[in-house]
Amino acid sequence: MIITIDGPAAAGKGTLAATLAEKYHLAYFDTGMVYRAVGLEMRQKGLDRQDEAQAEAIARNLTFPKMIELSKDPEFRSSEGGVAASIVSAHPKVRAALLKMQQDFALNPVFADGTPANGAIYDGRDTGTVVCPAADVKFFITASTEVRAKRRYDELKAKGSDISFEKVLEDMKSRDARDAERSAAPMKPAEDAVIFDTSALNIQEVVAKTEEIIGNKLKKQL
Ligand code: DC
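Residues numbered from 1 in each chain as written. Predicted model: local features only at pLDDT ≥ 70, side-chain atom pairs only at ≥ 80, totals over all residues. Heavy atoms only, no water.

Visitor: Where do I start with helix α9 (residues 165-181) in this structure?
Guide: Along an α-helix, residues three or four apart share an orientation, since each turn contains 3.6 residues. With 17 residues, α9 extends 24 Å from end C-alpha to end C-alpha; this agrees with the ideal 24 Å at 1.5 Å per step. Those residues of α9 that fall on the buried side of the exposure criterion are Val168, Leu169, Asp171, Met172, Arg175, Asp176 and Asp179. All buried residues of α9 project into a common sector of 160° when viewed along the axis, lining one side. Of the exposed residues in α9, those oriented more than 90 degrees away from the buried face are Glu166, Glu170 and Glu181. (Helix = DSSP H or I, 4+ residues; strand = E, 2+ residues; numbered from the N terminus. Expected span 1.5 Å × (residues − 1). Buried < 20%, exposed > 50% of the residue type's maximum accessible area, 1.4 Å probe, protein only. Arc of directions from axis to C-beta.)

Visitor: Teacher, can you tell me more about empty space enclosed by the protein here?
Guide: The rolling of a water-molecule-sized probe over the atoms marks out the regions of remaining empty space. Evaluation of the coordinates by the stated rule reveals 3 cavities of 30 Å³ or more. Computed from the structure, the largest cavity encloses a volume of approximately 80 Å³. Contributing to the lining of the largest cavity are Arg36, Arg77, Ser78, Ser79, Gly82, Arg152, Val168, Asp171, Met172 and Arg175. When contributions to the lining of the largest cavity are tallied by element, the ones reaching two or more residues are α5 (79-89) and α9. Broken down by element, the lining of the largest cavity gets its largest block of residues, 4 residues, from α9. (1 Å grid on protein atoms, 1.4 Å probe; cavity = no way out; pocket = protein on both sides within 12 Å on 5 of 7 lines; lining within 4 Å. Points joined across faces, edges and corners; volume = space filled by probe spheres on them.)

Visitor: Is there a simple way to think about the pattern of salt bridges in this case?
Guide: Close approach of charged atoms lets side chains of opposite charge pair. Applying the stated criterion across every chain, the model contains 17 salt bridges. The partner of Arg152 in a salt bridge is Glu155, and the shortest N-O contact between them spans 3.2 Å. Of this pair, Arg152 and Glu155 both sit in helix α8 (residues 145-158), 3 residues apart, which is roughly one turn of that helix. The exposure class assigned to Arg152 is buried, which follows from its relative accessible area of 18%. A residue is classified by how much of its surface remains accessible, and Glu155, at 38% relative accessible area, is partly exposed. Put simply, Glu41, Lys45 and Lys66 are held in one network by salt bridges that share partners. (Salt bridge = Lys/Arg side-chain N within 4 Å of Asp/Glu carboxyl O.)

Visitor: Is there a simple way to think about the site of the ligand in this case?
Guide: The full set close to the ligand counts 14 residues, and Arg36, Arg95, Asp126, Arg175 and Asp179 are the nearest of them. One of the side-chain N or O atoms of Arg36 is found 2.7 Å from an oxygen atom in the ligand. Asp126 is positioned such that a nitrogen or oxygen atom in its side chain is 2.8 Å from a nitrogen atom of the ligand. In the complex, 97% of the free accessible area of the ligand, which totals 450 Å², lies under the protein chains. Assessed atom by atom at 2 Å from the grid points, the ligand resides in the largest pocket. Every element with two or more residues in the shell around the ligand is listed here: α2 (32-44), α5 and α9. Split into classes, the residues belonging to the shell around the ligand amount to 2 nonpolar, 5 polar and 7 charged. (Near = heavy atom within 4 Å. Polar contact = N/O pair within 3.5 Å; in protein donor to acceptor, adjacent residues only side chain to side chain. Areas by Shrake-Rupley, 256 points an atom, 1.4 Å probe, with all protein chains shown as cover. Sits in = over half its atoms within 2 Å of the grid points. Nonpolar A, V, L, I, M, F, W, Y, C, P; charged D, E, K, R; others polar.)

Everything listed here is a matter of coordinates, which is why it stays silent on function.
And the structure:
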């Protein structure tokens, strides 16, 4: 079974994906990691993230082990890391170079220790539209910009960051605009995605509703 969860930053995709992955024994791919890895490696090499050709060269050489290594850097999950990822992800050649790596994961989904899974759960911006257009179940999770900025701010504070709420909100707004307006695979719900707004629903309610939808799908597949 392949499940996709798309939507803007801090909408609750990661929590939902981790919960569903555990319940259905699915391997989890957080696809934002591929763009964060390219953004960070460019910074480490002193390259300009606006340079599409250089970003494409970095993307072509990205592997899973390299991505995991880069993810250990504190900047990887930082607000700046998110902005950098969003900049490199707007380059069509970068997206094309990273597509196969993301799609191949669904062919042989395994957990981090190499044991096989029942399928894969993806989270990102275009996983239901571009990466896995034939996924069994697709969700699109959203929430108001202020609610998402507050969640991200609390998360960063808990990790010891001294960033201000205003800066987090500003980064969130510019990232949303870039992700939704870029020409290559702009963030939007797949036509067959089920949409949830988590500013109105709490995560337990969303989990319960998604489990009902997945349960119905599984019954049909039997
Ligand atoms: O989910 P995240 O915050 O880690 O994503 C970082 C950036 O990567 C996001 O602003 C846009 C980009 N991204 C994308 O373009 N497509 C995806 N499937 C996942 C992330």
